[in-house]
Amino acid sequence: MQVATPRADPGLRFLCDALAHDGAAERDRRIAAFCAATPDWPRLVWQAGCYGVTPALHGRLARRGLLRLLPGALADYLAGAAALNRERNGRLLRELAEVAGRLNALGLRPLAMKGAANLLAGLYPDPGERHLLDLDLLLPAGSLPLAFEALRAAGWRQVGPAGMTEHHLPALLGPGHIAPLELHGEPLDLPWRKLLAAGELLASAEPLAHGGATLLLPPPRLRLAQAL
């Protein structure tokens, strides 16, 4: 019995081709064919939003000279999304510096993780391409109560469920801030803890000056390991 191979969703294929870093000619040809076929553009916008990649599309397509293939209104929408996210990320990095400064005053150097770490490392050609939901900082587990209570005393309010999860404390939101903050004792939840432990991250990280504060930044291979 021959089993039919399921066809890839055209919209998702477009997103993968558009966001790929290699910029292969074959990908560009597929993108051109997709755009010429009068696709369901509203559905594509919805898919990009679901995966949090809307801000990244403008820069990636522009650098490859492919924005001209999109309807003008869609190209304008993507440009606006990228600009707004660039502004938002700048604000989030300022919030990160404020938190790090308060923790430095306690003798702690928090380790930046996930999207914030990659922004600090300059991974993206345009910082507006990375969409962040929150800020994640790693500390030695024994210092978590001190850090949490110090931020609460400084006006941070709890916005996450009460009690500690397997790897982080309840989320906090600072006065005037726009993104929640999670203080982690481990980088990964169970059952993946053995793949990447807090000790390995902290031992391999390098100090980074940011906004008058000092954070720790993991090396690229461990940032990639956590992402995977």
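Located above this text is the structure these notes cover.
Quantities reported herein were computed from a predicted structural model and do not represent experimental measurements.

What follows deals with the packing of helix α1 (residues 10-19) against helix α2 (residues 25-36). Two numbers describe how α1 lies on α2: the axes approach to 9 Å, and their chain directions differ by 140°. When the interaxial angle is binned, α1 and α2 end up oblique. Relative to α2, α1 is oriented so that their crossing is left-handed. Contacts between α1 and α2 involve Pro10, Gly11, Arg13, Phe14, Cys16, Asp17 and Ala18 from the first element and Arg27, Arg30, Ile31, Phe34 and Cys35 from the second. When its residues are assigned to classes, the contact of α1 with α2 shows seven nonpolar, one polar and four charged.

This next bit is on the packing of aromatic side chains. Within this structure, the stated rule accounts for three aromatic pairs. Judged by centre distance (6.5 Å) and plane angle (85°), the ring pair of Phe14 and Trp41 falls under edge-to-face. Linking Phe14 in helix α1 with Trp41 in helix α3 (residues 41-50), this pair joins segments that are 27 residues apart in sequence. A residue is classified by how much of its surface remains accessible, and Phe14, at 3% relative accessible area, is buried. Ring geometry for Phe34 against Trp41: centres 5.8 Å apart, planes inclined by 90°, an arrangement best described as edge-to-face.

So, how was this worked out
Residues numbered from 1 in each chain as written. Predicted model: local features only at pLDDT ≥ 70, side-chain atom pairs only at ≥ 80, totals over all residues. Heavy atoms only, no water. Axes fitted to C-alpha atoms, helices over the stretch in contact; angles between N-to-C directions. Helix = DSSP H or I, 4+ residues; strand = E, 2+ residues; numbered from the N terminus. Parallel < 35°, antiparallel > 145°, perpendicular 65-115°, else oblique. Left-handed = near helix turned anticlockwise from the far one by under 90°. Contact = heavy atoms within 4.5 Å. Nonpolar A, V, L, I, M, F, W, Y, C, P; charged D, E, K, R; others polar. Phe/Tyr/Trp six-rings, centres within 6.5 Å; stacked < 30°, edge-to-face > 60°. Buried < 20%, exposed > 50% of the residue type's maximum accessible area, 1.4 Å probe, protein only.

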